[in-house]
Every structure is written in C-alpha cells, then in structure tokens.
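# Observations on the three-dimensional arrangement
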Amino acid sequence: MLRVVVSAPLGNALHAVRREEELTGKLWSFTPLAGDRAGETFPVAVPSCRESYPAFGNYRGEGRYSTRFTGGGNLRFVFRGVSHTARVFLDGAEIARHYNAYTPFEAVVRGAAEGEHTLEIVADNRFSEESALHVPNDYMSYGGVTRAVSVERIGSAYVRSVHVTPECVGGKWRAHVRVCVVNLEERAPMSVEVGAAGEKLAFGARTMPEGESVLEGTLLPADVRTWSPASPALYTVTVRLFRDGTPVDDLVDRFGFREVRVEGKRILLNGAPLRVKGVCRHEDHPHYGCALPFAAMAHDLALIRDLGANSVRTAHHEQQGRVRRIPQPQTLRRSREKNIPRNIKTRARGIQPRARVCVSDLRYMTTIFFAVNCSLSSAGKLSSVMSTSMSSMCAKV
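In this numbering scheme, every chain counts its residues from 1 along its sequence in written order. Only residues with pLDDT of at least 70 are given local features in this predicted model, and only at 80 or more are side-chain atom pairs given and counted; all residues enter the totals for whole chains, interfaces and linings. Hydrogens and waters are ignored; side-chain quantities use all the structure's heavy atoms.

## Considering the nonpolar core
The condition that has to hold: Here, nonpolar core refers to any group of buried Ala, Val, Leu, Ile, Met, Phe, Trp, Tyr and Cys residues whose side-chain atoms link them within 4.5 Å. The cut-offs for exposure are 20% and 50% of the maximum accessible area for each residue type, with area from a 1.4 Å probe on protein chains only; residues under the lower value are buried, those over the upper are exposed, and the others partly exposed. Elements are defined by DSSP. Helices are runs of H or I of four residues or more, strands are runs of E of two residues or more, and each kind is numbered from the N terminus. Contact between two residues is taken to exist if any of their heavy atoms lie within 4.5 Å; hydrogens are not considered.
Within the largest apolar cluster, 30 residues are counted, with the highest numbers of intra-cluster contacts made by Tyr65, Phe77, Phe79, Leu119 and Ile121. Put simply, the parts of the chain that give this core at least two residues each are strand 3 (26–32), strand 4 (42–46), strand 5 (62–79), strand 7 (85–90), strand 8 (93–99), strand 9 (105–124) and strand 11 (149–154). Those residues in contact with leucine 119 that sit more than four places away from it in its chain are Leu23, Trp28, Tyr65, Ser66, Thr67, Phe69, Phe77, Phe79, Val88, Phe89 and Val149.

In structure tokens:
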C-alpha cells in the first residue's frame, strides 16, 4: 500500500462529485495506554475530550481511539483536530503524524483494498518541549479526538483547495481565483472549470505533473451584492475537475465580495470606518472541553449577539470551521490569532502550520484581521522567522 501524507489547512468545503463519509458523530473505542486502567477499552462518543470521561478528568498520556469503516481505492482522510499530538494508523500501518491540537491535517492513502478497514488514532496530551501546546499554560490542555474525522474516496487526481480574493476596481467587483489540483497518478489531460456569481472560468485540458498544480484566473461578474454585516451576501464557488469531458472531482465553498483596509489608525470595511466592539471567545466548555457540539457554538454566538457586540476575537487558537458557517441574522466579524511556541528551539517549527491556517482562513468573509501570537515576548531572530514565514504563506495564497 503506497501512501502520501500531507499536513495542511483545510476549510469546510462541500462536494457533489467526490464521495465523503464522516466517521465521527458516533461511538468509537477508547483504550488508555498508561495509568491504572491501561489496556481497558471503553465506548466513547467522538468527537470528545477525554477529560469529560468518568475517571479520566486528570489523565495525561497516550490514548488509542479506533473505529471501522468500509472503503477502498485512493482514500483521503481529513482530521479537523486531535489534541495535542496524533499518530494515525490504517489497518496497523502508520499513515500520519501531526502536532498542534487545533490545526487540521490530512493523509492520502493510495490503493487501499476494497472492504472493511480499521482506523486508529493515538492521541497524546503529555507536556513536553516540542510544542507550545505541550507546556503548562493559563488555559486547559485537553486530550482526545476533539473534532470531526472524515474519509473521502478520490480518484487519480483531486481538487485540494480554492481561494477567492475579491477586489473592487472603479466601483466594480472582480474575483481573483486560485485553484490547487493534486495529481497522484493521472496521465490523461484534465481540465478545470470554476463557476461563481453567474460567471465561469475555464482552464483547458492539460497534462498535469504529479504533485500540486496551481491554476489562477479572474472572474468579472456583471452584477453582485457587496458583503456587509447588515447584509452578508454570500456566493457559491464551484470547482470541477474533468477528464474526457466527465467530472471526476469537485470542491464547493462560499465567499463574499468585500474589502478590508487600514488607513492610519482606522480599519475600513468596504471603504467605511469600522468600530470594533466585541468579546473574546475561547472554544472551551465546562461539559465538552474544546469539543463543542453545534448547539453549544450557536448558543455562544447568540449570547454574543445579544450583548450588542459586532466582533469576536477568537482566542487563542483555530476554532472549528462550523462556527463560521452558522447563519447569523447580523453577521459577527472575527479577529484571529495564533500562538507560537515559547521554546526558541521549536518556534520556527511551530510557526509554519499556524501561519498556513491563518492565511488560508482569510477566505472567510467574517475574518477581518489576524495576528501571530497574542503577546510576543522576544524579538530579533524570532521576529525575522515570523515575518519570513507569514510573507511566504501570504505570497502562496
């Protein structure tokens, strides 16, 4: 079995062609690998934090989560969040490793046999010097498979991401589109079509090299509504990958037409000054830890809106994508931040995945600005590394 492992920022895009199955939202088997109950197996709901399990409120160590599913061929596994460090196994073979509790990652497995398979995730919440999330801190460090896990059946090539950047020129909107296609083993020519706001952008048939290919172009819609908090108009962008005129993969997401600029000390949204009035929201709950269900997220946003706030600081970590998709009668704007490792030896390692997710998240219309680290305590070499990492990520997006 040949495998390809990729760690990356992932959105909450949908598919009409690609087959996707969520593996969470049900009971998995949990086995602690340390302590007095090591080796025992318990049924637990996933996603969840093991601090919410009876007798495991203070457990620190590795724990194995396992489930079974049916599938085969080229499989893409998407993990929205595992706290803190994850090792992933398919039928006993390791297919991925990842650190950082709140950043998503993926693993692509080629040529899996058709039939039933076992997926296992070993989640480790022990403190160490390897990551900022692995040291005692002023917020709770949870353990577990805390966010959704899904498996997708993909072909020999697939659409990995789409990024839309709106721009208003002379009172008219245009949309710059950037599509990333991953070719695993397809040798035949492929074409790509992007549709949004009543317009289409076509990239003619071409033979793509193995690995990632980036396609860029501009849509010029005739008449669109500007996104604003009072009228949060959203448009669907659909990317379809064709082989011999037949769609073989797709990616569907949402975006809006809006611009955010800074002039002096003022933040301008669509050219108008924006006064930020809001609260900080940690994704944490006394019953669910950081594995909040949809109802708890919606409840938080309802309370924030009822206070009269117009913005939310999502401190200090990447929050679940579902919270960005909850329809709001009056949309709340978001500011984003990422913490970086405190240990100078691991800081550069920790910046890259956080920078990728921050920059990728700009496609959400409610994101108005982001920052890396809420309280930078040192400069010099670290500042240089941060600046280089962020500039590189912005250039790529």
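## Observations regarding the sheet that holds strand 15 (residues 199–206)
To keep it simple, the criterion reads: At least two bridges found by DSSP between two strands is the condition for calling them paired. Angles shown run from 0 to 180 degrees and are taken between the N-to-C directions of axes, each axis being a line fitted to C-alpha atoms and, for helices, limited to the stretch in contact.
Strand order in the open sheet formed by four strands is 15-14-17-18, with antiparallel pairing between adjacent strands. Edge positions in the sheet fall to strand 15 and strand 18 (246–255), since each of these pairs with one other strand and no more. Shown here is a sheet whose adjacent strand axes are inclined to one another by a mean of 10°, direction ignored. Of the strand pairs in this sheet, strand 14 (residues 190–196) and strand 15 are connected by six bridges, and their pairing is antiparallel. Of the residues in strand 15, the one forming a bridge with valine 194 is leucine 201.

## Considering the pattern of salt bridges
Put simply, the test is: Here a salt bridge means any side-chain nitrogen of Lys or Arg lying within 4 Å of a carboxyl oxygen belonging to Asp or Glu.
For the structure on display, the rule yields 22 salt bridges. Close ionic contact of arginine 160 with glutamate 106 constitutes a salt bridge, the shortest N to O distance being 3.8 Å. In this pair, arginine 160 is assigned in strand 12 (residues 157–169) and glutamate 106 in strand 9, connecting sequence segments 54 residues apart. Like arginine 160, the residue glutamate 106 is buried in the burial classification. In this structure, a network of salt bridges that share partners links the residues Arg18, Arg76, Glu106, Glu152, Arg160, Glu212 and Asp249.

## Concerning the confidence of the model for the chain
Fine structural detail should not be taken from predicted coordinates in areas where pLDDT scores are low. Heads up, the rule is: Scored from 0 to 100, pLDDT records how confident the predictor is in each individual residue.
On average, residues of the chain score 84 in pLDDT, and 77% of them reach the 70 mark or higher. Contacts of residues 389–397 to residues separated by more than four positions or lying in other chains number 15 contacts, the stretch itself having pLDDT below 50.

## Here's the deal with the packing of aromatic side chains
Rules: In this analysis, rings of Phe, Tyr and Trp, with Trp reduced to its six-membered ring, are considered paired at centre separations within 6.5 Å, and the interplanar angle assigns stacked below 30 degrees, edge-to-face beyond 60, and tilted for intermediate values.
Summed over all chains, the structure comprises 12 aromatic pairs. Geometrically, the ring pair formed by phenylalanine 69 and phenylalanine 77 is edge-to-face, given 5.7 Å between the ring centres and 75° between the ring planes. Phenylalanine 77 gets classed as buried once you look at its relative accessible area, which sits at 0%. Here a set of aromatic residues connected by ring pairs shows up, and it is made of Phe30, Phe42, Tyr53, Phe56, Tyr59 and Tyr65.

## Observations regarding the pairing of strand 23 (residues 311–314)
Let me state the cut-off plainly: A clockwise path from the first strand over the helix to the second, with the strands pointing away from the viewer, defines a right-handed crossover.
When strand 22 (residues 278–280) meets strand 23, the two strands line up parallel, connected through three bridges. By the bridge assignment for strand 23, cysteine 280 is matched with arginine 313. Crossover connection from strand 22 via helix 1 (residues 294–306) to parallel strand 23: handedness right-handed.

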